[in-house]
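Residues per chain, in single letters:
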Number of protein chains: 2
Amino acid sequence: MDTPTARPATLDDVAQAAGVSRATASRVLGGYGFASPAARDRVTSAADRLGYVPNTTARALVRGAGVRLVVAVAGTDAAILDDPYVDRVVSAAARLCAPHGVGVALEWLPLSSPARLRRLGDDRSVCGVLLINTTERMLDAVPATLRGRVASIGIGSAAVPAFDVDNAAGSDAVLRHLHANGRRRIVMVTGPRWLSCAERSVTVYQALMRSAGLPVRLVTGDFTAARGGRAAMEALTRWPDTDAIYAASDTTALGAIAALRGRGIRVPHDVAVAGFDDIPYAAVSSPALTTATHPVAGIATAAATAVLEGRRVPPVTAFPSALVARESA
Amino acid sequence: MDTPTARPATLDDVAQAAGVSRATASRVLGGYGFASPAARDRVTSAADRLGYVPNTTARALVRGAGVRLVVAVAGTDAAILDDPYVDRVVSAAARLCAPHGVGVALEWLPLSSPARLRRLGDDRSVCGVLLINTTERMLDAVPATLRGRVASIGIGSAAVPAFDVDNAAGSDAVLRHLHANGRRRIVMVTGPRWLSCAERSVTVYQALMRSAGLPVRLVTGDFTAARGGRAAMEALTRWPDTDAIYAASDTTALGAIAALRGRGIRVPHDVAVAGFDDIPYAAVSSPALTTATHPVAGIATAAATAVLEGRRVPPVTAFPSALVARESA
DNA sequence: GCTTGCCGTGAGAGCGCTCCCAGGTATGGG
DNA sequence: CCCATACCTGGGAGCGCTCTCACGGCAAGC
């Protein structure tokens, strides 16, 4: 940091200042190959004297490595990107990528648009792809060029490892809790029906209701609070004897609670409401929301790590989901 | 996309396939300089026949452009990164950056560690820096090398343009609303006191209380719900006649409401509670939260745009904040 | 016919870095 | 004393791209 040159120091500057060749400087700073202690010393001291910061871009170019991790969210429209869940994933990935000199890009993947995925595979600046909300069809469109550097948060395939919360276990726990508390007319407000990973909860719900001889009552939601409110109203209109609502997300559940309250329906006295995700606000809502945990940050970190390190991972990694019984159910 | 070669096509491949030089291909695909319609045609058709995707890394290297936008969050410890507000900013930035071939990295900036900022300025792979939660001292440490490609979400300086919500206006609106509703013993639960941009709300609060001849009652918070709950309890212990709590964030307010409810204190009947941010859950909490809007995504997008395009921007861009009167106050 | 100018083109020099490879210098064994 | 075997070093090619520069061709003007 002695001569405050306009342009930042390059490896050549360091090598010259240390009186060695660029190759030697690279070996020392890159931490590979041989280098005498003397050379090592002079290079490192020259490097921090000049305030040398390696140019990740050049390094990536020569190594053939990418510099961007693309988080691609499948959905019917770009509004899918406006979602706290997506925010959380992107943020966790961005945090993990920082020390690797990698940045995160976020984009919408129109449902069934394989071309975009192919481009991603051919883009040498992309070191990996994190898929969110994928469908089976979309997974089939993942090109071979992406193999080993793609992961899915949700469902996976033979070529795409999956990372997700154990939806089935969480839903099962919540529904059994509802049942144990005497609820029998349980309506489920689902996520978008095209969303494969969310369908698992639905399957569990259906199986459980059928085996208990209870009616299957489904209302389609979209994970938003507004939709959750409307879904709750719809449910009560169609089935006035409803005594519990199981929402596929906390946001939906919170919306449902607000709507019920607006109609003078007491939660959980008249209708119990349970969600899924255990978002921070679940604990402070009133009544406090009964839900199942969803370790989003952990899932995102694991998926991003797998993609970043290109390590072989099991085809499916399920993160446990535990019941959090609070007041609403 | 005819020969599915193992390695993705390069500009040379395209040039060769089109029967032109790399320079011509670059001119056509880069959209600059002259090129005959014939050449233009052959190059573009060859490009999409081969499924050519430009290598952003190489382009950035030769252009001297960066490939990463670093979101640096100042704070006492790395836990500051676990925050929906940060998530939101990162996500908005990542979305904006995607089409530019830029990725977002997220890192913690320990309070008063200028070295990290200097490194960021000397890092050629960094195209810009978005500062969050900066202090005056931190802004002084921003190196000249970062000039023109740094922005602050919060307070700014001569060298660092600021983008922030109009904290003062929002706080003013909320407090006047509280006052208009007859509240006189108003406690403010602040953000972290070292956080300069949050101090503006405090200043407004103090000024308003003094001019109205009301007592100034401050409890320090940290924007979290847990802290909000404890702060509310503390406030009631110290000042049992409290009739309103103004929290510097919705999360804090929600925590306060939960804690009050736990103590059997009715909101807003006994104590009114207002927040700031208008997060999605504010609308569905019970009682629905009275608050002031905080267009985080808009702010982040504007700041990221300024950094990305390197355009000259006014030293301060204030985003309006409007009162949202709901039930809690 | 020859200059003037302009458009279109390709050669080639890098951007900053990694890493292969050839060469060089100590050290040890025969 | 010589050669094998380390260890160390620098030259240099090249990652994929942009962009300057010089050159060839062609129409217009004298």
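Keep in mind the model is a prediction, meaning the values are calculated, not measured.

Draft legend 1. Summary view of helix H4 (residues 56–63) of chain B. Of the positions making up H4(B), those classed as buried are B:Thr56, B:Thr57 and B:Ala60. Down the axis of H4(B), the sector holding all buried residues measures 100°, keeping them to one side. Close packing links the buried residues of H4(B) with helix H4 (56–63) and strand E1 (68–75) of chain A. For H4(B), the N-terminal capping position is held by B:Asn55, with its side-chain oxygen 2.8 Å away from the main-chain nitrogen of B:Thr57. Positioned one or two residues after H4(B), B:Gly64 has a phi angle of 75°, which is positive.

Draft legend 2. Spotlight on the protein's contact with DNA strand C. Taken together, 26 residues lie near DNA strand C, and A:Leu11, A:Tyr52, A:Arg59, B:Thr24 and B:Arg124 sit nearest. Counting only atoms of DNA strand C within 4 Å of the protein, the sugar-phosphate share comes to 64%. Contact distances for DNA strand C include 2.9 Å between a phosphate oxygen and a backbone N or O atom of B:Ser21. Note that a base nitrogen of DNA strand C is positioned 3.2 Å from one of the side-chain N or O atoms of B:Arg22. Of all the elements in the fold, those that place two or more residues in the surface near DNA strand C are helix H2 (22–30) and H4 of chain A together with helix H2 (22–30) and H4 of chain B. Here the residues of the surface near DNA strand C sort into 14 nonpolar, six polar and six charged.

Draft legend 3. Expanded view of the nonpolar core. Judged by nonpolar contacts, the single largest core of 98 residues is most densely connected at A:Leu69, A:Leu130, A:Leu178, B:Leu69, B:Leu130 and B:Leu178. If you look at the next biggest cluster of nonpolar residues, it comprises 56 residues, including A:Ala247, A:Ala282, B:Ala232 and B:Ile265.

Draft legend 4. Here's a closer look at the protein's contact with DNA strand D. Close to DNA strand D lie 27 residues, the nearest being A:Thr24, A:Arg124, B:Leu11, B:Tyr52 and B:Arg59. For DNA strand D, a phosphate oxygen lies 2.7 Å from a polar atom in the side chain of B:Arg59. At the level of elements, H2 and H4 of chain A together with H2 and H4 of chain B are the ones that each hand at least two residues to the surface near DNA strand D. Class assignment for the residues of the surface near DNA strand D results in 15 nonpolar, six polar and six charged.

Conventions used here
- Residues numbered from 1 in each chain as written.
- Chains lettered and ligands numbered in written order.
- Predicted model: local features only at pLDDT ≥ 70, side-chain atom pairs only at ≥ 80, totals over all residues.
- Heavy atoms only, no water.
- Buried < 20%, exposed > 50% of the residue type's maximum accessible area, 1.4 Å probe, protein only.
- Helix = DSSP H or I, 4+ residues; strand = E, 2+ residues; numbered from the N terminus.
- Arc of directions from axis to C-beta.
- Contact = heavy atoms within 4.5 Å.
- Polar contact = N/O pair within 3.5 Å; in protein donor to acceptor, adjacent residues only side chain to side chain.
- Near = heavy atom within 4 Å.
- Nonpolar A, V, L, I, M, F, W, Y, C, P; charged D, E, K, R; others polar.
- Core = buried A, V, L, I, M, F, W, Y, C linked by side-chain atoms within 4.5 Å.

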